[in-house]
Amino acid sequence: MQAFIQYSRQFTNPITQIASQMNLLQSGLASAERVFEFLTAEEEAPEVASSRGIRSPAGHVVLDHVSFRYQADQPLIQDFDLDVQPGQTVAIVGPTGAGKTTVVNLLMRFYEIDSGHIYLDGVDAHELPRERVRSMFGMVLQDTWLFAGSIRDNIAYGKEGAGAEEVVAAARAASVDHFVRTLPDGYDTVLDEDASNISAGQRQLLTIARAFLADPAILILDEATSNVDTRTEVHIQEAMARLRKGRTSFVIAHRLSTIRNADSIVVMNAGRIVEQGSHAELMQRRGFYHDLYASQFADAVEAVS
Ligand SMILES: Nc1ncnc2c1ncn2[C@@H]1O[C@H](COP(=O)(O)OP(=O)(O)OP(=O)(O)O)[C@@H](O)[C@H]1O
Ligand SMILES: [Mg+2]
């Protein structure tokens with residue numbers, strides 16, 4: 001057993017290291033971006049109507065003929081149309097490189113679209129201050145971004161000036177309060193730089209708690225594929241489902257259950273939506289989704305049947 005643990009550490013360590021580098025890079029990017037925003041403030045596209053904020057966003061999201069490319073000679077997202085009603089869950093699926101993460105990046109204005117429009121509650125996102133756009137979104141990503149600091153501070157990051165009770169309420173909503181209380185220092189437990197002193201599942205639950213506290217109208221969820229034990233997995237699934245309730249959600253989905261339960265599935269390939277519909281509709285069509293599903297979930301399908 002000891003040997004096994006040793007061996008599995010050897011195997012997972014490089015992965016953990018990469019993940020923590022990613023986290024560092026992410027926070028580095030965030031601060032670099034702020035500096036950059038400051039430096040380029042004058043050259044940027046004018047952010048008109050910045051006072052015309054959306055007071056309490058409902059989460060109606062429309063992508064209208066959106067096109068985008070990272071490199072001038074490589075068109076990626078082309079003529080992308082999507083209308084997501086408030087509170088709907090959209091599962092985005094597609095092979096690697098299809099552009100799933102790119103769409104999410106565009107929604108949050110990490111990149112500016114080349115043509116077309118993105119409307120948030122009917123307002124062109126381009127006419128809103130970028131900070132305002134981002135404040136409408138909450139993200140729970142695969143490489144959960146926790147920083148060296150207390151659990152309390154990590155959750156509180158979701159909302160400026162959050163009080164102690166709010167932090168606990170958010171942790172309860174994410175089903176992580178119980179775990180935190182089992183730690184000798186409770187909410188004052190200090191996480192390492194890569195939060196390696198708690199499990200991957202617990203890290204995810206903490207980011208879910210952070211999102212609960214932020215209470216955004218729109219959610220972006222990049223489902224983790226990392227292995228967590230079945231019990232924690234159930235907790236994560238339930239917490240995610242509660243978090244999605246009443247919010248518009250874009251889920252880059254890897255789990256069959258999420259995909260099946262989504263209001264709409266957007267199937268992407270090479271930057272385009274190739275199919276869209278419910279699981280049943282798409283299966284019946286026997287097209288791209290059907291084949292993707294068959295190749296990705298062959299085992300799961302067998303297990304069900
Ligand atoms: N910052 C970038 N600069 C240039 N090209 C990029 C950048 N990010 C992604 N790409 C390219 O854009 C395409 C779409 O990438 P994207 O990350 O959106 O795919 P994805 O559907 O999320 O894939 P995966 O399932 O592997 O996460 C890929 O060909 C990728 O190489
Ligand atoms: Mg991706």
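Please refer to the structure placed before this passage.
The structure displayed is predicted, hence computed values, not measured ones. (Residues numbered from 1 in each chain as written. Chains lettered and ligands numbered in written order. Predicted model: local features only at pLDDT ≥ 70, side-chain atom pairs only at ≥ 80, totals over all residues. Heavy atoms only, no water.)

(A) Inspection of the sheet that holds strand β2 (residues 77-84) at higher detail. The four strands lie next to each other as β2-β1-β4-β5, forming an open sheet whose pairing is antiparallel. One side of each edge strand has no neighbouring strand; the edge strands of this open sheet are β2 and β5 (123-124). Contacts from helix α2 (residues 100-107) reach β1 (61-68), β2 and β4 (115-120), with the element oriented near 115° to β1. (Pairing = 2+ DSSP bridges. Helix = DSSP H or I, 4+ residues; strand = E, 2+ residues; numbered from the N terminus. Contact = heavy atoms within 4.5 Å. Axes fitted to C-alpha atoms, helices over the stretch in contact; angles between N-to-C directions.)

(B) Examining the environment of F137 more closely. As for its position among the elements, F137 is in strand β6 (residues 137-140). Taking relative accessible area as the criterion, F137 reaches 7% and is therefore assigned buried. Aside from chain neighbours lying at most four places away, what touches F137 is L107, M108, L120, P216, I218 and I220. (Buried < 20%, exposed > 50% of the residue type's maximum accessible area, 1.4 Å probe, protein only.)

(C) Just the site of ligand 1, in detail. Taken together, Y70, L76, P95, T96, G97, A98, G99, K100, T101, T102 and Y111 are the residues near ligand 1. Here an oxygen atom of ligand 1 and a side-chain polar atom of T96 are 2.5 Å apart. In the environment of ligand 1, an oxygen atom lies 2.4 Å from a nitrogen or oxygen atom belonging to the side chain of T102. For ligand 1, the protein covers 56% of the area, taking 630 Å² as the surface of the free molecule. (Near = heavy atom within 4 Å. Polar contact = N/O pair within 3.5 Å; in protein donor to acceptor, adjacent residues only side chain to side chain. Areas by Shrake-Rupley, 256 points an atom, 1.4 Å probe, with all protein chains shown as cover.)

(D) Spatial organisation of helix α5 (residues 164-173). Among the residues of α5, V167, V168, A170 and A171 are the ones counted as buried. Mapping the buried residues of α5 onto a view down its axis gives an arc of 160°, with all of them on the same face. Facing away from the buried side of α5, by more than 90 degrees, are the exposed residues E165 and R172. Residues of α5 that are buried in the fold lie against α4 (151-156), α6 (177-182) and α7 (200-214). In the stretch just after α5, S175 is the one whose phi turns positive, near 55°. (Arc of directions from axis to C-beta.)

(E) Seen up close, the packing of aromatic side chains. By the definition in use, this model includes five aromatic pairs. On the basis of an interplanar angle of 55° and a centroid distance of 5.7 Å, the ring pair of F68 and Y111 is categorised as tilted. Here the residue F68 occupies a position in strand β1, and Y111 occupies one in the loop between α2 and β4, the gap between them amounting to 43 residues. With relative accessibility at 4%, the residue F68 sits in the buried group. These aromatic residues form a ring-pair network of at least three members: F68, Y70 and Y111. (Phe/Tyr/Trp six-rings, centres within 6.5 Å; stacked < 30°, edge-to-face > 60°.)

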